Amino acid sequence: MKLGIVGLPNSGKTTIFNALTGANLETGLASGGRFEVHTAVVNVPDTRVDKLSGMYKPKKTTYTQVTYQDIGGLDKGVAEGGLKGQLRNELSQLDGYLHVVRAFEDENVPHPYEDVDPARDIEILDSEFLLTDLVTVENRLERLQSELRVKGKTVDKAVPDEIDLLERFKAHLEAEKPLRDLEDVTPDQLKSVRGYGFLTLKPVLIVLNQGEELRDTSISYDHRHSAVVALQGKIEAEIAQLDAEDAEMFMEEYGITERSASRVIRLSYELMEIQSFFTVGEDEVRAWSVAIGATAPEAAGAIHSDLQKGFIRAEVMAYDDLIEAGSEAAMKSTGKFRLEGKEYIVKDGDIVHIRFNV
Ligand SMILES: Nc1nc2c(ncn2[C@@H]2O[C@H](COP(=O)(O)OP(=O)(O)O)[C@@H](O)[C@H]2O)c(=O)[nH]1
Ligand SMILES: [Mg+2]
């Protein structure tokens, strides 16, 4: 999973990046519209993996990973005529966005639009993304329509279908609504436009950067595949620099019950509709991520394509059942150790062993 941290200058993107990744990048360097990316890969914290690792004592324990990109250079007006080049490229390759919005007051930190107004700021950036997608749609429509004119009846059957779909997208964007709000778009239709990397099709987690004082800065963001979370960016970034013991004390002092690093990942998993399953053994205990609703062979494919191709059956234990039973051996006498076939829908927390033949 690859998440982009976007937002207006001085909203706290780099601060939040530090909080989420434990990096220690210098903040307060508004890139003045210049495009700038920082990337970090972090393990997804999961206490179930820790427990399984304690049970199997494997040589190696592997967590799933999330890539964060701190993307500087977005501001009002950047999308005039369409976002260009590398910036749009980076944005279109992400799985989703953390849209950081300034909600903290601090007279030492200039705000590009003077006063703190989260709802307005969200709309500024959203409009840039809408505009970018609109330009993409229009360019693509123009090309398809000219192809249709030139080829007439011999045109590929997919062309008129795509024109219809893009006309729908266009009307929707012109009504200033993000594409992720569109209902009744089929998975096949989504697949047909995947290559265009529409920005407003991707899930968004709005991150209200609240600052030191917790106050009521709740906002409504009524869109599909979206959610809102409030964080204390600067404090969380400081906590990320501490060792575990000091971090705990600090969190207590500020009334923080869950670190933003795990909170953001948890919410992102929900937004992206993905879940975790595990493989266990003496060599390795490992977490994997897969789409909610994936079948056993699809989950096998997340491990290796050979396991999907040669899939025979999956041995499955639910994590909670295994913990309750206390060991794999005890598990086998409970009748909850299952053999599942090709149609099985993998559940969050399943411990899976794939039987395959290639
Ligand atoms: N008071 C306060 N300042 C913050 C907070 N988060 C970020 N800042 C400050 O705001 C300025 C801009 O932050 P930065 O992360 O560089 O913003 P970016 O331009 O969006 O990457 C820096 O001086 C930060 O120290 C916060 O929660 N409270
Ligand atoms: Mg920055």
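Residues numbered from 1 in each chain as written. Chains lettered and ligands numbered in written order. Predicted model: local features only at pLDDT ≥ 70, side-chain atom pairs only at ≥ 80, totals over all residues. Heavy atoms only, no water.

Caption draft 1: How the structure looks around empty space enclosed by the protein. Overall, the coordinates contain two cavities of 30 Å³ or more when judged by the stated rule. Its volume calculated, the largest cavity comes out at about 50 Å³. Val 6, Tyr 97, His 99, Leu 125, Asp 126, Phe 129, Arg 180 and Val 204 together form the lining of the largest cavity. Within the residue set of the lining of the largest cavity, elements represented by two or more residues are strand S5 (96–102) and helix H4 (118–151). (1 Å grid on protein atoms, 1.4 Å probe; cavity = no way out; pocket = protein on both sides within 12 Å on 5 of 7 lines; lining within 4 Å. Points joined across faces, edges and corners; volume = space filled by probe spheres on them. Helix = DSSP H or I, 4+ residues; strand = E, 2+ residues; numbered from the N terminus.)

Caption draft 2: Molecular detail of the site of ligand 1. In the neighbourhood of ligand 1, 18 residues make up the surrounding shell, with Asn 10, Lys 13, Thr 15, Gly 28 and Asp 106 lying closest. Measuring from a nitrogen atom of ligand 1, one finds a side-chain N or O atom of Asp 106 at 2.9 Å. Within the complex, the protein chains bury 91% of what would otherwise be the 570 Å² of accessible surface of ligand 1. Comparing atom positions with the cavity grids shows ligand 1 to sit within the second largest pocket. (Near = heavy atom within 4 Å. Polar contact = N/O pair within 3.5 Å; in protein donor to acceptor, adjacent residues only side chain to side chain. Areas by Shrake-Rupley, 256 points an atom, 1.4 Å probe, with all protein chains shown as cover. Sits in = over half its atoms within 2 Å of the grid points.)

Caption draft 3: Expanded view of the packing of aromatic side chains. One pass over the structure, following the stated rule, counts five aromatic pairs. Residues Tyr 97 and Phe 129 carry aromatic rings whose centres are separated by 5.2 Å and whose planes lie at 75° to one another, so their mutual orientation is edge-to-face. Highlighted residues: Tyr 97 in strand S5 and Phe 129 in helix H4, separated in sequence by 32 residues. Members of the aromatic cluster, each reached through a chain of ring pairs, are Phe 169, Tyr 196 and Phe 198. In this structure, Arg 286 is placed above the aromatic ring of Trp 288, and the distance from its NZ or CZ to the ring centre is 4.0 Å. (Phe/Tyr/Trp six-rings, centres within 6.5 Å; stacked < 30°, edge-to-face > 60°. Lys NZ or Arg CZ within 6 Å of the ring centre and 35° of its normal.)

Caption draft 4: Just the side chain of Thr 67, in detail. Among the structural elements, Thr 67 can be located in strand S4 (residues 65–72). Once residues lying within four places of it in the same chain are set aside, the contact partners of Thr 67 are Met 1, Lys 2, Leu 3, Thr 39, Ala 40 and Val 41. (Contact = heavy atoms within 4.5 Å.)

Caption draft 5: Region of interest: the layout of surface pockets. Taken as a whole, the largest pocket holds about 980 Å³ of empty space. Taken together, 29 residues form the lining of the largest pocket, with Leu 190, Arg 194, Leu 201, Lys 202 and Pro 203 sitting closest to its centre. When contributions to the lining of the largest pocket are tallied by element, the ones reaching two or more residues are helix H6 (187–192) and helix H9 (260–272). With four residues, H6 is the single largest residue contributor to the lining of the largest pocket. A class-by-class count of the residues in the lining of the largest pocket yields 15 nonpolar, four polar and 10 charged. (Nonpolar A, V, L, I, M, F, W, Y, C, P; charged D, E, K, R; others polar.)

Caption draft 6: Spotlight on a negative patch on the surface. Taken together, the side chains of Asp 243, Glu 245, Asp 246, Glu 248 and Glu 252 define an acidic patch exposed on the protein surface. With relative accessibility at 67%, the residue Glu 252 sits in the exposed group. (Patch = residues over 30% accessible without salt bridge, like charges linked within 9 Å, V, L, I, M, F, W, Y side chains within 5 Å. Salt bridge = Lys/Arg side-chain N within 4 Å of Asp/Glu carboxyl O. Lys, Arg positive; Asp, Glu negative; His and termini not counted. Charge placed at Lys NZ, Arg CZ, Asp CG, Glu CD. Buried < 20%, exposed > 50% of the residue type's maximum accessible area, 1.4 Å probe, protein only.)

Caption draft 7: Inspection of the environment of Ile 206 at higher detail. When you line up the elements, Ile 206 lands in strand S6 (residues 204–209). Each C-alpha atom, one on Ile 206 and one on Phe 337, is 41 Å from the other, the two residues being 131 residues apart in sequence. Discounting residues that sit within four places of it in the chain, Ile 206 has contacts with His 99, Val 101, Ile 122, Ile 219, Tyr 221, Ala 227, Val 228 and Val 229.

Caption draft 8: Expanded view of the domain arrangement of the protein. What the domain assignment lists for the protein is domain 1 (2–45 + 65–114 + 202–271), domain 2 (129–200) and domain 3 (293–356). Just the C-alpha atoms count here: the centres of domain 1 and domain 3 sit 36 Å apart. (Domains from an automatic or database assignment.)

Caption draft 9: Summary view of the pattern of salt bridges. As enumerated under the stated definition, the model contains 16 salt bridges in all. The closest approach of N and O atoms between Glu 162 and Arg 140, which form a salt bridge, is 3.4 Å. Note that Glu 162 is positioned in helix H5 (residues 158–174) and Arg 140 in helix H4, a separation of 22 residues in sequence. Judged by its relative accessible area of 22%, Arg 140 is partly exposed.

Caption draft 10: The sheet that holds strand S7 (residues 226–231), seen in detail. On the basis of which strands lie adjacent, the open sheet formed by six strands has the order S2-S4-S1-S5-S6-S7 and mixed pairing. Of all strands in the sheet, those bounded by a partner on one side alone are strand S2 (36–43) and S7. Looking at each pair of strands side by side, their axes are set apart by 25° on average, direction ignored. The pairing of strand S1 (residues 2–7) with S5 spans five bridges and is classified as parallel. Within the sheet, the bridge partner assigned to Gly 7 lies in S5 and is Val 100. Those strands touched by helix H3 (residues 85–92) are S1, S2, S4 and S5, and its axis lies near 150° from that of S4. Contacting S1, S2, S4, S5, S6 and S7, H9 crosses the sheet at an angle of about 175° to S7. (Pairing = 2+ DSSP bridges. Axes fitted to C-alpha atoms, helices over the stretch in contact; angles between N-to-C directions.)

Caption draft 11: Inspection of the packing of H4 against H5 at higher detail. For the pair H4 and H5, the least separation of the axes is 9 Å and the interaxial angle reads 150°. The orientation of H4 relative to H5 falls into the category roughly antiparallel. For the pair H4 and H5, the sense of crossing is left-handed. Across the interface between the two elements, Leu 130, Asp 133, Leu 134, Val 137, Glu 138, Arg 140, Leu 141, Leu 144, Gln 145, Glu 147 and Leu 148 of H4 pack against Val 159, Glu 162, Ile 163, Leu 166, Glu 167, Phe 169, Lys 170, Leu 173 and Glu 174 of H5. (Parallel < 35°, antiparallel > 145°, perpendicular 65-115°, else oblique. Left-handed = near helix turned anticlockwise from the far one by under 90°.)

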